[in-house]
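Architecture and fold: a report
In case you want the letters, here they are:
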Amino acid sequence: MLDLNNIPSQQQQTTILYATGNWQAWSKPRNAKFIEIFCLGGGGGGSIATVGTGARNGGNGGGASGIVRGIIPAFLLPDTLYILVGKGGAGSTTNNTAGGVGGISYIGLQPSTSEQTLICKSSTNTPSNSAVGATISTVALSAFGNLGLFTAIAGVGASLGTSGIGASQTALATSLVTGGAAGGGKTTAEFFAGGNINSASAILTTQVSGGTTDGEKGNDGYGTLQPFCGTGGAGGAGRQGDSQVGGNGGNGFYGCGGGGAGASSLTVGLRGGNGGDGIVIITVIS
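Residues numbered from 1 in each chain as written. Predicted model: local features only at pLDDT ≥ 70, side-chain atom pairs only at ≥ 80, totals over all residues. Heavy atoms only, no water.

1. Some points on the overall build of the protein chain
In plain terms, the rule: Only DSSP runs of H or I covering at least 4 residues are called helices, and only runs of E covering at least 2 are called strands; the numbering of each starts at the N terminus. A radius of gyration in this sense is built from C-alpha atoms; the matching globule rule multiplies 2.2 Å by the number of residues raised to 0.38. Only protein chains enter the accessibility calculation, which uses a 1.4 Å probe; a residue is then buried when its area is under 20% of its type maximum, exposed when over 50%, and partly exposed in between. The contact criterion used is simple: two residues touch if any of their non-hydrogen atoms lie within 4.5 Å.
Looking only at helices and strands, the protein chain has zero helices and 13 strands in total. For the protein chain, the α and β elements follow one another from N to C terminus as β-β-β-β-β-β-β-β-β-β-β-β-β. Relative to the compact-globule value of 19 Å for 286 residues, the protein chain shows a C-alpha radius of gyration of 21 Å, a close match. With the C-alpha coordinates aligned to their principal axes, the bounding extent of the protein chain is approximately 80 × 45 × 25 Å. With 286 residues in all, the protein chain has 50% of them scored as buried. Sequence separation of at least 24 residues holds for 69% of the intrachain contacts in the protein chain that already meet a minimum separation of 6.

The structure is reproduced here in structure tokens:
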């Protein structure tokens, strides 16, 4: 005979913390058995390549954040945890300048980024305009990461701009988030389309298209919270000629990179896409 009186209730309570720029306190509820954590940092902003006459490259996309997820027995934790959710990097607005780096998300026993007090952080280094995304998380100096079981995932790198069609990315290829696509290049005689975020999944089925007409903006990324996944921004199209502005990059979903700006001869109003802010999701099992 089954002893139904001793089956756990498996009730869940989920809290989502968004990027505010400040430390946020989270209180452990009564009767908590386990704490599940999903920790995602901010994505990098898209860049502007060298602006000028003649043939020019499109801008690089921004890299994607790293992810840490884990589970901790609640009785091993204090009553309050402190969370700093990383902000997304701003897209560049300046000639030949990388976009802003995405912020790392931290979860700790005190409102401090000191490794000695951390339980986990989303990555070790920040994502930027690089073919390499945020590096895999390691908290080398903290014993408190041993309170639970964690899995760390490195961020996806950005697509890099060239003088031709902007390089694309594929959603859900190796991670739940993507870098941004690159902007399209240009010459005095023609423009090139921005890179896309292509879909290869039954969840994110819509392609995020880069700019396809002369100087057109790349589309913003999108995603879902259940199941969690998202895309970076698409690249802006280049602008033909020597006195025009290229297309802006699209903005990224949570943790994803912004798209690169299209090649341009002017910077007025030109920008890379913004990287998506980070997000931390804490689920209590009681």
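2. Structural notes on the sheet that holds strand β5 (residues 80-84)
Note the cut-off: Following DSSP output, two strands are said to pair if at least two bridges run between them. With axes taken as lines fitted to C-alpha atoms, and helix axes fitted only over the stretch in contact, angles between N-to-C directions fall between 0 and 180 degrees.
The strand order β2-β5-β6-β7 describes an open sheet built from four strands, whose pairing is antiparallel. Both outer strands of the open sheet, β2 (24-27) and β7 (118-121), are each paired with one neighbouring strand and no more. For this sheet the average axis-to-axis angle between neighbouring strands, irrespective of direction, equals 20°.

3. Here's the deal with the pattern of salt bridges
Selection criterion: Salt bridge, as used here: a side-chain nitrogen of Lys or Arg that lies within 4 Å of a carboxyl oxygen of Asp or Glu.
Under the counting rule described, the total for this entry stands at five salt bridges. The closest approach of N and O atoms between Lys121 and Glu115, which form a salt bridge, is 2.9 Å. The exposure classification of Lys121 matches that of Glu115, with both residues buried. Between Asp220 and Lys217 there is a salt bridge whose closest N-O contact spans 3.0 Å. On the basis of relative accessibility, which here comes to 40%, the residue Asp220 falls in the partly exposed class.

4. Notes on the nonpolar core
To keep it simple, the criterion reads: Only buried Ala, Val, Leu, Ile, Met, Phe, Trp, Tyr and Cys residues count toward a nonpolar core, and they belong to the same one when joined by side-chain atoms within 4.5 Å.
Ranked by size, the top nonpolar core spans 20 residues in total, and within it Ile35, Ile83, Ile107 and Val280 carry the most contacts. Beyond its immediate stretch of four places on either side in the chain, Ile83 contacts Leu17, Asn22, Trp23, Gln24, Trp26, Tyr106, Ile107, Val280 and Ile282. Core analysis: the second largest hydrophobic core is formed by 11 residues, Val156, Val177, Phe253 and Ile279 among them.

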